[in-house]
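Chain and residue survey
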Amino acid sequence: MAFGRSKTATAGPRRPPVEPVTLKILVAGGFGVGKTTLVGAVSEIRPLRTEETLSEAGRPVDDITGVEAKTTTTVAMDFGRITLREDLVLYLFGTPGQDRFWFLWDELAQGALGAVVLADTRRLEDSFAAIDYFERRGIPFAVAVNCFEGSARYPAGTVRTALDLDPEVPLLLCDARLRDSVKEVLATVVEHALTLATPPTTADRASAAT
Ligand SMILES: Nc1nc2c(ncn2[C@@H]2O[C@H](COP(=O)(O)OP(=O)(O)O)[C@@H](O)[C@H]2O)c(=O)[nH]1
Ligand SMILES: [Mg+2]
């Protein structure tokens, strides 16, 4: 009885602190699709928002026709942090919506594990640019349809076809205002990205060859 290895005897009096893995996730999608809302719903730190007053100089460029009450715009990004598990912390970077900030995307994408593309079924075409961007750069992403009230519910297959998504790209419905819903989206992206990042095992290759 005394021959077996005893875990409790060899483990120290305290468990060593877990050093969490930190991963960077981008949050993209068209203007007003819910990026700032999503980051704010889950972030444990007060989300950093780089809202800038629309300036006189920016007036000819920022088309605020129809949204005259909008006097600020997210210039660079939304930033937040969420501990998904004890050993897994995500840093969230919302990408800027305006076309003239596209040059920032390459900076933001540096070192990103994956991305969430938020979509609104009332204007799916607003998500095309983000999907194209991540496809072209081989950055793993999942599409999350933000279910606004009043927007028709389409079957996932219909949305998938409309967005011309590759079959392995996860597509899910979410509510960007709800912490649990957003957490599910983020967990899906991480899982998807890690699956793609894991080299196939010998067994996988053998079965693929047959
Ligand atoms: N009803 C509803 N409103 C939402 C939802 N997500 C975002 N909004 C609202 O839509 C507007 C635009 O969202 P915002 O997060 O600023 O979009 P962003 O431009 O992508 O950052 C805001 O007024 C939000 O409160 C949602 O899931 N349901
Ligand atoms: Mg925003």
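As the structure is a prediction and not an experimental result, all values here were calculated from the model.

**Focus: the site of ligand 1**
If you check the shell around ligand 1, you find 14 residues, and the closest are G32, T36, T37, N146 and E149. In the model, an oxygen atom of ligand 1 is placed 2.8 Å from a nitrogen or oxygen of the K35 main chain. In this structure, T37 approaches ligand 1 through a side-chain N or O atom, which is 2.5 Å from an oxygen atom. Alone, ligand 1 offers 580 Å² of accessible surface; in the complex the protein occludes 69% of this. The biggest single contributor to the shell around ligand 1 is helix α2 (residues 35-42), with three residues.

**Quick notes on the pattern of salt bridges**
Under the definition given, this model contains eight salt bridges. Residues R122 and D120 are paired through a salt bridge, measuring 2.9 Å at the closest nitrogen-oxygen approach. Accessibility expressed as a relative area gives 47% for R122, which makes it partly exposed. Linked by salt bridges that have partners in common, D120, R122, R123 and D126 make up one network.

**Overview of the confidence of the model for the chain**
Per-residue confidence for the chain averages 83 on the pLDDT scale, and 74% of its residues sit at or above 70. Every residue in residues 64-69 is under pLDDT 50, and counting partners more than four places away or in other chains gives three contacts.

**Things to note about the state of the cysteines**
Under the definition given, this model contains zero disulfides. Here C174 is not cross-linked by a disulfide; its sulfur's nearest cysteine counterpart is in C147, at 6.5 Å.

**Details of the pairing of strand β1 (residues 21-28)**
Across a regular strand the side chains alternate sides, sitting on one face of the sheet and then on the other. Among the eight residues of β1, six are classified as buried, and the element is accordingly described as predominantly covered. Judged from the seven bridges that link them, β1 and strand β4 (residues 88-94) form a sheet pairing that is parallel. Directly across from I25, in β4, lies its bridge partner L92. Bridge count between β1 and strand β5 (residues 114-119): four bridges; the pairing is parallel. From the neighbouring strand, I25 faces β5, where its bridge partner is G114.

**Some words on a negative patch on the surface**
Residues D132, E135, D164, D166 and E168 make up a contiguous surface patch of negative charge. Structurally, the position occupied by D166 is in the loop between α5 (156-163) and β7 (171-174).

Here is what the cut-offs are and how they apply
Residues numbered from 1 in each chain as written. Chains lettered and ligands numbered in written order. Predicted model: local features only at pLDDT ≥ 70, side-chain atom pairs only at ≥ 80, totals over all residues. Heavy atoms only, no water. Near = heavy atom within 4 Å. Polar contact = N/O pair within 3.5 Å; in protein donor to acceptor, adjacent residues only side chain to side chain. Areas by Shrake-Rupley, 256 points an atom, 1.4 Å probe, with all protein chains shown as cover. Helix = DSSP H or I, 4+ residues; strand = E, 2+ residues; numbered from the N terminus. Salt bridge = Lys/Arg side-chain N within 4 Å of Asp/Glu carboxyl O. Buried < 20%, exposed > 50% of the residue type's maximum accessible area, 1.4 Å probe, protein only. pLDDT = per-residue confidence, 0-100. Contact = heavy atoms within 4.5 Å. Disulfide = S-S within 2.5 Å. Pairing = 2+ DSSP bridges. Patch = residues over 30% accessible without salt bridge, like charges linked within 9 Å, V, L, I, M, F, W, Y side chains within 5 Å. Lys, Arg positive; Asp, Glu negative; His and termini not counted. Charge placed at Lys NZ, Arg CZ, Asp CG, Glu CD.

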